[in-house]
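# Examining the three-dimensional arrangement
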Amino acid sequence: MTASDSAETQTAGRPTQTATLAEIAREAGVSAPTVSKVLNGRADVAPATRTRVEDLLRVYGYRRRRAEATRSPLIDLVFHELESAWAMEVIRGVENVARDAGLSVVLSESAGRLTPGRTWADQVAARRPHGVILVLSGLDESQRALLTSRSIPFVVMDPAGDPGADVPSIGATNWQGGLAATRHLVELGHTRIGAISGPSRMMCSRARVDGYRAALETAGLPVDTSLITTGDFHHEAGYRLGLELLRRPDRPTAVFAGNDLQALGLYEAARELGLRIPEDLSVVGFDDLPVARWVGPPLTTVRQPLTEMAEAAAKLVLDLAREPESSTAVGVPPGRAKSRPWGRVELATSLVVRSSTAAPAA
């Protein structure tokens, strides 16, 4: 990093201006090497000094000039939670692309938080990877600024919330999947259909339930909100909420589970209550994990192309890393003008019918 590296910014009512590393150091009251340490994620900088320098880098829109030789041969893959077969499908997809590109993958977890901690951002700055992929997660404003100032591109896969139009993201057609799952049950003749959703704070959960509602309304069936429960995408939630639904005197004859793990929990609840699948209860999941084919009976589910989504995210982040310095989008290397319209890409879901669904008993 040299003092000739500069930043350009345009703010309302203020002309475009350029700040060199030395000028930022002077305004922060520190040396240029100290600013360089902050940019490189070094730990030997006082917290107050680091904050002051980061604030100035953000104010001036500082962006480090990209140089392929300075990057580590890494892709950072960040999970909201890292503990299920779902995560393994994502890792497999990213690894497929990284292997072909001669790169390694660094895994980290935000321990259930929707944004990683600040320590993680500093570690990424120090590693200088080719790019970052965040799964069911996101970045706060300061983290975005930190990565952008280091010219580290990032892509969000299956974002928990709306990441913004300027953040490249990869998702799936969750609403269409919820619609297809519920429509399948309606066409079999079910009229009381329950739902075990994922966390309401996650965009994919809300979209799947919206698709479920749309299928019922289109069929002229009432939406009984007491049959819609909210889980957390884990097996235990499917079991617990499954017991609640199936112990009702007016229990549903079919349930759409927000993912396969909750569907498997529902299987356990049905067995405990002596209910047979699909004779007494039809079940549809979401994801089409490998285990969906192995359980008894094999699970009807909505296939979410997780491996393909992860491959698309990895290819996109590498494309962004290779882009010339000609883009202004958040998460995209900076420069004069964006050469391609980065935004949200959705891969299609599809219903996979197996043996867990049938017409309701007479």
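In this report, the structure presented in the accompanying data block is examined. Quick caveat, the model's predicted, so the values are computed rather than measured.

Backbone torsion omega between Ile 277 and Pro 278 reads 10 degrees, so that peptide bond is classified as cis. By the element assignment, Pro 278 lies in the loop between helix 10 (260-272) and strand 11 (282-287). In this structure, the amide linkage connecting Gly 296 to the following residue, Pro 297, adopts the cis form with an omega of -5 degrees. In this model, Arg 128 sits at a positive phi of 55 degrees, which is unusual for a non-glycine residue. Locating Arg 128 in the fold gives a position in the loop between helix 5 (118-127) and strand 5 (131-135).

Our focus in this paragraph is the environment of Ala 87. Along the polypeptide, Ala 87 turns up in helix 4 (residues 85-100). Sequence-wise, Ala 87 and Val 135 are 48 residues apart; in three dimensions their C-alpha atoms are separated by 9.0 Å.

All right, on to the sheet that holds strand 11 then. Ordered in space as 9-8-10-11-12-14, the six strands form an open sheet in which the pairing is mixed. The sheet is open, and its two borders are formed by strand 9 (228-230) and strand 14 (350-352), each paired with just one other strand. Along the sheet, successive strands turn relative to each other by an average axial angle of 20 degrees, direction set aside. Pairing of strand 10 (residues 254-257) with strand 11 involves three bridges; the strand directions are parallel. Along strand 11, the bridge assignment pairs Ala 254 with Ser 282.

Thresholds applied
Residues numbered from 1 in each chain as written. Predicted model: local features only at pLDDT ≥ 70, side-chain atom pairs only at ≥ 80, totals over all residues. Heavy atoms only, no water. Helix = DSSP H or I, 4+ residues; strand = E, 2+ residues; numbered from the N terminus. Pairing = 2+ DSSP bridges. Axes fitted to C-alpha atoms, helices over the stretch in contact; angles between N-to-C directions.

Everything listed here is a matter of coordinates, which is why it stays silent on function.
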